[in-house]
Amino acid sequence: MGMTLDFSILLRFTDALAIGLWTTIKLTLLCIVLGTSLGFVIGLLRSSGNAFVRGLLGLYVELFRGTPVLIQLFWIFFCLPLILGVEFSNFVSATIALTLYMGAITSETFRASLRSVGREQMDACVALGLPRAAQIMNVILPQAVLRAVPTLLSNAVSLFKESALVSAVGMADLMFIGQNISNNTARPVEVLTVVAGIYFVIAFPLTRAVTVVEQKLLRKFSA
Amino acid sequence: MDYTLDLGAVTRNMGPLMDGLWVTLQLTLAANVIGVIAGFALALLTTSKLALLRWPSMLFVEFFRCTPAIVQIVWFFYCVPMIFNVFWGPVFMGIVALGLNLTAFNAEAYRASIQAVPREHLDAGIALGLSPTQRILNIVLPQALRNSVPVLLTNGIGIFQQSALVAIVGVADLMYQGKTLATATYRPIETFTVVALIYLAISYPVGQFVNWLERRQSHS
Amino acid sequence: MADMQDGSALVEIHDLHKSYGPNIQVLKGLNIEMMPGERVVVIGPSGGGKSTLLRVVMGLEQIQGGEIRFGGKPYISTKGGKTVIDTEVRKQIGMVFQHYTLFPHLSIMENLILAPRKVNGESRASARERGQKILERFGLGAKADAYPSQLSGGQKQRVAIARALMLDPRLMLFDEVTSALDPELVAEVEAVILQLAEQGMPMMMVTHDMWFARNVASRVIFCAGGVVVEDGPPEQVLGDPKEERTREFINRVFHIKA
């Protein structure tokens, strides 16, 4: 291998990388909150209610789970403005796309966790004469949410990784800025390695945290 | 909206889209072959008793799981030629990049299903006098492999969708052809919708099959 | 029990029919009359319908025929193929399950006070006070703020009984409540149920544990094939059964010559 690595060139670009990272984090956090809330509502609606609503939402979920995130981004970025006749900023378009994606993924998480709350819990509620509202709000939902937390954390880490795709539609996130720097300096190895490293340094501890949270939660809250 | 839909713009140009789909399928199938086989080998390494084998392989897995696929692909396409002084065709590079990514995810899937084989089964094997190798071949592996099929399929379809990322580095897959067509015809809605539906038409049946498989396995 | 005339039954079960799906008939015309203060233990082979009977009485299941009256009032019946359950009557019955079924995300005290607050509108303070008293009666006073995952099986089951008692039921149903416990934990649950029996709580119990049949029951019912086969005092059903089937079951299960 006849090339020399020089990581010091990156020192010139720490500000730019920091801005890119900040954009990535802002976008990710916003879409996690919005997407998880959306997924919660959809998961609930799909677990009960009428067949029409369930079917419609089912289509939405399958659509976002069965197509590449990249094409979802392209569609929201290029097609939605044409349909609605409104121009969105990059950030807004990216937020819409990633929130819809996150909503689909987390709705499945909540649906599964609702199903996993055993039938016996309902029996206990009936035996105690609990009104329907209390059954759902005090017994079923809290358990479903607790059980969903480890998977939700996983979903959040996945979203963080998918966020790098917004670079493909010209949004100045960490990946986009990294690629720019890489092209400008003609030193892809150093630059892209550092960019990968930044993603890794954030995603890795969170992935470990998922296992820890799972054990702690499961230990305390499942009798 | 002052934009009239013209699906014909797409249907007249299905040729290039189908070429792209063919590339996508090649990428997916080849990456899956690599991922299923190498993933298994890697899983064995990560569960090895030798720390020398275990740590590097676990690091490999974590690297691919904790970084965006797009970063992996871009890194691969730009850096590998530079570092190793090789010049592979774009489709081949795509296969290797996607294959490595899938290997890491599949390794995790195999590892989880190996560890999910109940301890009691191993104990029964010991009680019956089976040697460690016999226990692995006759008790652990059959169950572990059977239980990992749904996850392997899910990961396989995941790679099918991730393959769209190689369009960004210029590989002429379905996504790339779609984007080219959308730009050329000024008809992003029709083009991207059709492309999305093509991806869906392949992902959805496989997903349903996985559901059916999981339901069947949980009954046995 | 002011609204009940003397001499009238607490629970009247007439011709109860229940099936799971079109092919599996579990209860085939069950008839039981339970008087106030009785402690009925139901024994029988698996699949004979005993647990289903209890679940039906608790109002957890649909029935295909027959009716149940409670305290002289209509409780469960069928109208046009649908099961009709009077939920106000259902509230007077409490049930404890084999697997405790405590709410794992709530502390012990929160488990106890949830239903009194939500069903009867009782204040938190009042419910907590009553809850603490019951916990102490059962020897669990110190566990009020613990979580179910921190308790042993026997402790959890006693909490489950306490939780049902918070609502002042007129009838307690016990479904195999000691079957899932380690042997050394069974005695503490037996003691609590005996205490309830001595205080006059009417109860219907499904169990394999013959201790209950011998020491708590005022009446033993042998239920098999979805019908009542024999029904009488413990000395009779366990010691000198009238029916051959009962005799076979007792011999087989307890290796004693009845």
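Residues numbered from 1 in each chain as written. Chains lettered and ligands numbered in written order. Predicted model: local features only at pLDDT ≥ 70, side-chain atom pairs only at ≥ 80, totals over all residues.

K.L.:
Explain the arrangement of the chains here, please?
P.N.:
The pair of protein chains exhibiting the most contacts, out of two pairs of chains in contact, is chains A and B. No part of chain B reaches chain C; the closest C-alpha pair between them is 19 Å apart. (Contact = placed C-beta atoms within 7 Å.)

K.L.:
Even after reading the chapter, I still don't get the environment of B:Tyr186, so can you show me in this structure?
P.N.:
Assignment of secondary structure puts B:Tyr186 in the loop between α8 (174-185) and α9 (188-219). Considered as a pair, B:Tyr186 and B:Ala9 are 177 residues apart in the sequence and their alpha carbons are 9.4 Å apart. (Helix = DSSP H or I, 4+ residues; strand = E, 2+ residues; numbered from the N terminus.)

K.L.:
Would you mind going over the sheet that holds strand β9 (residues 203-206) of chain C with me for this structure?
P.N.:
The strands making up a sheet are joined through hydrogen bonds of the backbone, oriented either antiparallel or parallel. Residue and element names in this part refer to chain C. If you walk across this open sheet you meet the six strands as β7-β8-β9-β3-β10-β11, and the pairing is mixed. Every other strand in the sheet has two partners, leaving β7 (93-96) and β11 (227-232) as the edge strands with one partner each. Pairs of neighbouring strands in the sheet enclose a mean axial angle of 20 degrees, with direction left out of account. Pairing geometry for strand β3 (residues 39-43) and β9, over four bridges, is parallel. Residue pairing in the sheet places valine 40 in a bridge with methionine 204 of β9. Against the sheet, helix α5 (residues 153-165) engages β7 and β8 (171-175), with an angle of about 170 degrees to β7. (Pairing = 2+ DSSP bridges. Axes fitted to C-alpha atoms, helices over the stretch in contact; angles between N-to-C directions.)

K.L.:
Would you take a moment to explain the interface of chain B and chain A for this structure?
P.N.:
Size of an interface, as often reported, equals the accessible area lost when the parts are brought together. Taken together, the contact pairs 32 residues of chain B with 33 residues of chain A. Listing elements by their share of the side of chain B that touches chain A, those giving two or more residues are α3 (51-65), α4 (69-84), α8 and α9 of chain B. In terms of residues, the side of chain B that touches chain A owes the most to one element, α9(B), which gives 10 residues. Looking at side-chain class alone, the side of chain B that touches chain A contains 25 nonpolar, four polar and three charged residues. (Nonpolar A, V, L, I, M, F, W, Y, C, P; charged D, E, K, R; others polar.)

K.L.:
Can you walk me through the environment of B:Leu53 in this structure?
P.N.:
All names here are of chain B. Within the secondary structure, leucine 53 is located in helix α3. On the basis of neighbour count, leucine 53 is assigned to the partly exposed category, with 14 C-beta atoms found within 10 Å. For leucine 53 and leucine 42, which are 11 residues apart along the polypeptide, the C-alpha to C-alpha distance reads 9.7 Å. With sequence-adjacent residues up to four places away left out, leucine 53 is seen in contact with Leu45 and Ser48. (Buried ≥ 20, exposed ≤ 12 C-beta atoms within 10 Å, placed from the backbone.)

K.L.:
Before we go on, may I ask you to explain the interface of chain A and chain C in this structure?
P.N.:
The partner chain C presents 24 residues to the 21 residues of chain A that form the contact. Of the residues that constitute the side of chain A that touches chain C, the class distribution is 12 nonpolar, five polar and four charged.

K.L.:
Looking at this model, I keep getting lost on the pairing of β11(C). Mind explaining?
P.N.:
Across a regular strand the side chains alternate sides, sitting on one face of the sheet and then on the other. Residue and element names in this part refer to chain C. Of the strand pairs in this sheet, strand β10 (residues 219-224) and β11 are connected by five bridges, and their pairing is antiparallel. Across the sheet, the residue bridging to valine 220 is glycine 232, located in β11. Hairpin geometry of β10 and β11 is characterised by an intervening segment of two residues between the two adjacent antiparallel strands and by a positive phi of about 60 degrees at glycine 225.

K.L.:
What is the right way to read the nonpolar core from this model?
P.N.:
Within soluble globular proteins, side chains that are nonpolar generally end up buried alongside one another. In terms of nonpolar packing, the biggest core is built from 102 residues, with A:Leu70, A:Ile71, A:Leu73, A:Val195, B:Ile70, B:Val71 and B:Ile73 touching the most fellow members. Of all the elements, helix α5 (residues 90-115) of chain B adds the most residues to this core, at 11 residues. Once residues within four sequence positions are removed from consideration, B:Val71 is found in contact with A:Ala164, A:Met175, A:Leu192, A:Val195, A:Ala196 and A:Tyr199. (Core = buried A, V, L, I, M, F, W, Y, C linked by C-beta atoms within 7 Å.)

K.L.:
Quick question: what am I supposed to make of helix α3 (residues 69-84) of chain A here?
P.N.:
Helical geometry: 3.6 residues make up each α-helical turn, so side chains three or four residues apart lie on a common side. All names here are of chain A. If you check α3, its first and last C-alpha atoms are 21 Å apart, about what 16 residues at 1.5 Å a residue would give, namely 22 Å. Along α3, the largest kink reaches about 35 degrees and is centred on isoleucine 76. Residues of α3 that are buried: Val69, Leu70, Ile71, Gln72, Leu73, Phe74, Trp75, Ile76 and Phe77. At the exit of α3 stands glycine 85, carrying a positive phi of roughly 75 degrees. (Expected span 1.5 Å × (residues − 1). Bend = angle between axes of the 7 residues up to and from the residue.)

K.L.:
How do you make sense of the sheet that holds strand β5 (residues 73-79) of chain C when you look at a structure like this?
P.N.:
Residues and elements named next belong to chain C. Overall, antiparallel pairing links the five strands, which are arranged β2-β1-β4-β5-β6 in an open sheet. Edge positions in the sheet fall to β2 (24-34) and β6 (82-85), since each has one partner strand and no second. Taken pair by pair, the neighbouring strands of this sheet meet at an average axis angle of 20 degrees, ignoring direction. Here five bridges tie strand β1 (residues 11-20) to strand β4 (residues 65-70), and the two strands are oriented antiparallel to one another.

K.L.:
Got a minute to help me understand the packing of helix α1 (residues 14-47) of chain A against helix α2 (residues 51-65) of chain A in this structure?
P.N.:
For any two helices packed against each other, one specifies the inter-axial angle together with the distance between the axes. Residues and elements named next belong to chain A. Relative to each other, α1 and α2 sit at 135 degrees, their axes nearing to 8 Å. With respect to α2, the element α1 is oriented oblique. Of the two elements, α1 crosses α2, and the hand of that crossing is left-handed. Note on element contacts: α2 touches α1 through Val53, Arg54, Leu57 and Gly58, opposite Ile42, Leu45 and Arg46. Within the contact of α1 with α2, the residues separate by chemical class into four nonpolar, one polar and two charged. (Parallel < 35°, antiparallel > 145°, perpendicular 65-115°, else oblique. Left-handed = near helix turned anticlockwise from the far one by under 90°.)

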